[in-house]
Amino acid sequence: MRVTMIGTGYVGLVSGACFADFGHTVTCVDKDAGKIARLQKGDIPIFEPGLDELVKDNVEQGRLFFTTDPTAAIRDADAIFIAVGTPSRRGDGHADLSYVYAAAEEIAGLVSGYTVIVTKSTVPVGTGDEVEAIIKKTNPSADFAVVSNPEFLREGAAINDFKRPDRVVVGTDDERAREVMRSLYRPLFLNETPIVFTERRTSELIKYAANGFLAMKITFINEIADLCEAVGANVQEVAKGIGLDNRIGRKFLNAGPGYGGSCFPKDTLALMKTARDSNAPIELIEATVRVNSARKQKMAQKIIEAVGGSVAGKTIAILGLTFKPNTDDMRDAPALDIVPTLQAEGAKVRAFDPEGMAEAKHMLKDVAFATGPYDCVQNADAVVIITEWDQFRALDLDRMKDALKTPIVIDLRNIYRPEEMRAKGFNYVSVGRP
Ligand code: UDX
């Protein structure tokens, strides 16, 4: 099939490269000429494991193209994916759909022949109807269908999540469009991936409901962790004990400093806004947003208590800045709340992150960036692990203890075991464990 991907961000680039790897001919369109030029040279602007080889292979095999000119790409396409950003409008939390609508207008003027237009971006319920209306108004003679096909890609695992999804969700009532979507995802069909065909609004809501539930599940275990600290229980054992119930499931039960990233914060806000606007408020999601946001401040207080009640004049080493490992993405990362709070209390902050420092430099001020974990902890009064990068999982503890001015470790991801750390002579604090 001939596929056009509008937008070359995390979702558009991964989806385009994976569709090409399925054997389709894919043209990725972006307005950013600099970005397109870099992509054409095989220079990938985001850190996503495996994406550079995937793009290079498919460009070399003549299945993947990049352009700033949408004309031919839209005219010749069997399916056009809208994968542009839908950022949170700061202030009211609604999703900003201006890029989606602009793409719809552009498509309307250029389509020829029956074309399926797919909203891949996460869009509020009813956006597909809006896109359909825009195209009809702009080009009354266009022969098309608008389909919802949300993505469930985790950053750092996006290629795997695209190629081996738990399910594909397709929202449309149009039989011809269903046939096109079956052909697009045929390679997944072959290994029995369930394709859930439903109507468009339901499909749009599935995405929000999924992310809202996952955000709530994380926030639940984070609150259980706080209770564990109060009653002397172990949250990792609680997570194991409940997770083996297959109605609960073991994933997304790792207590930590709170969720971040480009999706959960944005999607929970949009979901609660849509719900409120529809007079069907989802108070569980409202509570999730509130509790998660407060948690990041709580983590800063936990650090302050762990160093004796004040960080004034102390040097705090931070290991990990990104919102999760295996990404360079700093959006809504807990570090963006924790670090300024410590600095406001008089701490000097030194930080190291394998991939996130280039972006963090623009988002944090007065932070000294280290060249590695041991350089980071050198002469620090305490070290805080905020992101569970693999390279922080087996640090040389003796070397770290010698480098620290005082052997205080605050492990916000429960990477280490309390008994092991205490045996090594550390004053060790973690999340939800005695
Ligand atoms: C998420 C959804 O998982 C994905 O399906 C959707 O398409 C996009 O949003 P992503 O935001 O990339 O993906 O990362 P994810 O791995 O879900 O983690 C989200 C946040 O939750 C991170 O801040 C992570 O640290 C946190 N998290 C995750 C926990 O604190 N505990 C967990 O057990 C899992």
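Rules used throughout
Residues numbered from 1 in each chain as written. Predicted model: local features only at pLDDT ≥ 70, side-chain atom pairs only at ≥ 80, totals over all residues. Heavy atoms only, no water. Helix = DSSP H or I, 4+ residues; strand = E, 2+ residues; numbered from the N terminus. Rg over C-alpha atoms; globule rule 2.2 N^0.38 Å. Buried < 20%, exposed > 50% of the residue type's maximum accessible area, 1.4 Å probe, protein only. Contact = heavy atoms within 4.5 Å. Areas by Shrake-Rupley, 256 points an atom, 1.4 Å probe, with all protein chains shown as cover. Lys, Arg positive; Asp, Glu negative; His and termini not counted. Charge placed at Lys NZ, Arg CZ, Asp CG, Glu CD. Polar contact = N/O pair within 3.5 Å; in protein donor to acceptor, adjacent residues only side chain to side chain. Near = heavy atom within 4 Å. 1 Å grid on protein atoms, 1.4 Å probe; cavity = no way out; pocket = protein on both sides within 12 Å on 5 of 7 lines; lining within 4 Å. Points joined across faces, edges and corners; volume = space filled by probe spheres on them. Nonpolar A, V, L, I, M, F, W, Y, C, P; charged D, E, K, R; others polar. Domains from an automatic or database assignment. Buried area = accessible area lost by both parts, 1.4 Å probe. Salt bridge = Lys/Arg side-chain N within 4 Å of Asp/Glu carboxyl O. Core = buried A, V, L, I, M, F, W, Y, C linked by side-chain atoms within 4.5 Å. Pairing = 2+ DSSP bridges. Right-handed = clockwise from strand over helix to strand, strands pointing away. Arc of directions from axis to C-beta. Axes fitted to C-alpha atoms, helices over the stretch in contact; angles between N-to-C directions.

**Q** Got a sec to walk through the overall build of the protein? Specific residues and values, please.
**A** Counting its regular elements, the protein contains 18 helices and 14 strands. Against the 2.2 N^0.38 benchmark of 22 Å for 434 residues, the protein shows a C-alpha radius of gyration of 23 Å, consistent with a compact globule. Once the C-alpha set of the protein is aligned to its principal axes, its extents read approximately 75 × 50 × 40 Å. Taking all 434 residues of the protein together, the buried fraction comes to 55%. Sequence-distant contacts, at least 24 apart, represent 73% of the contacts inside the protein between residues at least 6 apart. Accessible area for the protein stands at about 18600 Å²; split by element, carbon and sulfur atoms hold 51% of it. Looking at the protein, you have 53 positive and 60 negative side-chain charges, and the mean spots of the two groups are 3 Å apart.

**Q** Before we move on, can you summarise the side chain of threonine 387 with the specific residues and values?
**A** Counting through the fold element by element, threonine 387 comes out in the loop between strand E12 (382-385) and helix H17 (397-403). Take threonine 387: its relative accessible area is 0%, and that puts it in the buried class. In terms of polar contacts, threonine 387 uses its side chain to reach the backbone carbonyl oxygen of threonine 322, at 2.7 Å.

**Q** Before we move on, could you go through the site of the ligand and cite the residues and values that matter?
**A** What surrounds the ligand is a group of 18 residues, the closest being Glu155, Lys207, Asn254, Gly260 and Lys324. Within the backbone of leucine 253, an N or O atom sits 3.5 Å from an oxygen atom of the ligand. Between the ligand and phenylalanine 323, the relevant distance is 3.1 Å, taken from an oxygen atom to a main-chain nitrogen or oxygen of the residue. Residue contributions to the shell around the ligand peak at 3 residues, all from helix H10 (residues 200-231).

**Q** Let's hear about empty space enclosed by the protein: which residues, and what values?
**A** Here the structure, examined in full by the defined rule, presents 1 cavity of 30 Å³ or more. Estimates place the volume of the largest cavity at around 40 Å³. Together, Thr119, Ser121, Thr122, Val123, Ser148, Pro150, Ser203, Glu204, Lys207 and Tyr208 line the largest cavity. With 4 residues, H10 is the single largest residue contributor to the lining of the largest cavity. Within the lining of the largest cavity, the residues separate by chemical class into 3 nonpolar, 5 polar and 2 charged.

**Q** Describe in detail the domain arrangement of the protein, supporting the description with residues and values.
**A** Once the domains are mapped, the protein shows domain 1 (2-198), domain 2 (208-289) and domain 3 (296-429). With centres defined by C-alpha atoms, the gap from domain 1 to domain 2 works out at 29 Å. Of the residues lining the interface, 14 residues belong to domain 1; the matching set on domain 2 comes to 11 residues. Per-residue buried area on domain 1 facing domain 2 is highest for Gly93, His94 and Thr122; these three make up 36% of the total on that side. Between domain 1 and domain 2 we count 0 salt bridges in total.

**Q** Run through the nonpolar core, naming residues and quoting values.
**A** By size, the foremost hydrophobic cluster in this structure holds 61 residues, and its most contacted members are Ile316, Ile318, Leu321, Leu342, Met400 and Ile410. Mapping this core onto the domain boundaries places at least three of its residues in each of domain 2 (208-289) and domain 3 (296-429). When near neighbours in sequence (up to four residues on either side) are disregarded, leucine 321 contacts Met330, Ala333, Ala335, Ala351, Asp353, Met357, Ala360, Leu364, Phe369 and Thr387. Listed in part, the 42 residues of the second largest apolar core include Ala145, Val180, Met181 and Ile195.

**Q** Report on the pairing of E12, specifying residues and quantitative values.
**A** Alternating residues of E12 divide into Ala382 and Val384 and Val383 and Ile385, and every residue in both groups is buried. Direction of pairing for strand E9 (residues 315-319) relative to E12: parallel, over a ladder of 4 bridges. Bridge pairing links isoleucine 318 to valine 384 in E12. Examined bridge by bridge, E12 and strand E13 (residues 408-411) share 3 bridges and lie parallel to one another. For isoleucine 385, the partnering residue across the bridge sits in E13 and is aspartate 411. You can see the chain leave E12, run along H17 and come back into E13, and the turn it takes is right-handed.

**Q** Describe helix H8 (residues 175-184), and please don't skip the residues or the numbers.
**A** Every buried residue belonging to H8 is among Ala177, Val180, Met181, Ser183 and Leu184, and all of these are buried. End-on view of H8: buried residues confined to an arc of 160°, all on one side of the axis. For H8, the capping residue at the N-terminal end is aspartate 174, with a side-chain oxygen 2.8 Å from the backbone nitrogen of arginine 176.

**Q** Outline the environment of arginine 276, supporting the account with residue identities and numerical values.
**A** Of note, arginine 276 is situated in helix H12 (residues 264-277). Given a relative accessible area of 47%, arginine 276 falls into the partly exposed group. It is 34 Å that separates the C-alpha atoms of arginine 276 and lysine 302, two residues lying 26 residues apart in sequence. Once residues lying within four places of it in the same chain are set aside, the contact partners of arginine 276 are Pro281 and Glu286.

**Q** Talk me through the sheet that holds strand E11 (residues 367-369); I want residue IDs and the actual numbers.
**A** Across the sheet, which stays open at both edges, the 6 strands sit in the order E11-E10-E9-E12-E13-E14 with parallel pairing between neighbours. Two strands close off the open sheet at either side, each with one partner strand: E11 and strand E14 (427-429). If you compare each strand with its neighbour and ignore which way they point, the axes differ by 20° on average. Judged from the 5 bridges that link them, E9 and strand E10 (residues 348-352) form a sheet pairing that is parallel.

**Q** Let's hear about the pattern of salt bridges: which residues, and what values?
**A** Applying the stated criterion across every chain, the model contains 29 salt bridges. A salt bridge links glutamate 132 to lysine 136; its shortest N-O distance comes to 3.6 Å. Placement of both glutamate 132 and lysine 136 in helix H6 (residues 127-138) is noted, with a separation of 4 residues, approximately one turn of the helix. According to the relative accessible area criterion, glutamate 132 is partly exposed, its value standing at 23%. We classify lysine 136 as partly exposed; its relative accessible area is 49%.

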